[in-house]
Amino acid sequence: MTDDTSKHAPEAANDEAETAAVSPENEAPEAEVDPVEQLRAENADLRDKYLRLAAEMDNLRRRTERDVKDAKSYAISGFARDMLAVSDNLRRGLDAIPAEAREAGDAGLKALVEGVEMTERAMLTALERHGVRKLEPVGEKFDPNFHQAMFEVPNADVPNGTVLQVVQDGYKIGDRVLRPAMVGVSKGGPKVAAGGDKPEQA
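These notes cover the structure that comes with them. (Residues numbered from 1 in each chain as written. Predicted model: local features only at pLDDT ≥ 70, side-chain atom pairs only at ≥ 80, totals over all residues. Heavy atoms only, no water.)

### Comments concerning the sheet that holds strand E2 (residues 147-154)
Here 3 strands make up an open sheet; going across it, the order is E2-E6-E3 and the pairing mixed. Where the open sheet ends on each side, the last strands, each with one partner, are E2 and strand E3 (163-168). If you compare each strand with its neighbour and ignore which way they point, the axes differ by 30 degrees on average. Direction of pairing for E3 relative to strand E6 (residues 181-187): antiparallel, over a ladder of 4 bridges. From the neighbouring strand, Val-166 faces E6, where its bridge partner is Val-183. (Pairing = 2+ DSSP bridges. Helix = DSSP H or I, 4+ residues; strand = E, 2+ residues; numbered from the N terminus. Axes fitted to C-alpha atoms, helices over the stretch in contact; angles between N-to-C directions.)

### Focus on the environment of Gly-184
Tracing the backbone through its elements, the reader meets Gly-184 in strand E6. Classification of Gly-184 as buried rests on a relative accessible area of 0%. Separated by 21 residues in the primary sequence, Gly-184 and Val-163 place their C-alpha atoms 6.0 Å from one another. Residues contacting Gly-184, with those up to four places away along its chain left out, are Phe-151, Val-153, Thr-162, Val-163, Leu-164 and Gln-165. (Buried < 20%, exposed > 50% of the residue type's maximum accessible area, 1.4 Å probe, protein only. Contact = heavy atoms within 4.5 Å.)

### So, the environment of Thr-162
Mapped onto the fold, Thr-162 is located in the loop between E2 and E3. A C-alpha to C-alpha distance of 5.5 Å links Thr-162 and Val-185, two positions 23 residues apart in sequence. Those residues in contact with Thr-162 that lie beyond four places of it in its chain are Gly-139, Glu-140, Gly-184, Val-185 and Ser-186.

### Notes on the nonpolar core
Counting residues in each nonpolar core, the largest one holds 10 residues, listed as Tyr-74, Ala-80, Leu-84, Leu-90, Met-123, Leu-127, Val-132, Tyr-171, Ile-173 and Leu-178. Breaking this core down by element, the ones donating at least two residues are helix H3 (77-95), helix H5 (107-129) and strand E4 (171-173). Looking at this core, the element that brings in the most residues is H3, giving 3 residues. (Core = buried A, V, L, I, M, F, W, Y, C linked by side-chain atoms within 4.5 Å.)

So this is what it looks like as structure tokens:
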């Protein structure tokens, strides 16, 4: 072996080792992805996204419908409350006229009283057309959601907590309280049974 051959022998061995390392036969085989399975996975993912989006849109539609309905029903609440204050003032004005003055009054006073009464009725009728209803609590069990107790009335003949007197009329709009009724509530009668409206027997 010549000097040149002995010099190049280790380099040749190195080249063969590198070639063997890079040859495709020695490469690790990549796991092939089945295109059908890949499409199925993408399809399932897209279907899930579609169903979620459809559910969100359905919820949004329902919520929007409910908001629009509430807006239609309760949009006039502030205005109706202000009109009730005007109606109260009309009623106070009518109540301030003594009965004797009404009976003995001249035609002008009677016409004025009738005109104010008609105005009050027309206002309450207009509010009723827009969903405002007067509460009629006399004889009912006191309900803090609709009534505001102003005083207690001693009465042994009716069950405790029964509304006996209305100081100021209450109104509701739809299912909501527009203004609670200010009431006097019975005290001293039999207690109402927990399960119903019948009084407990002593």
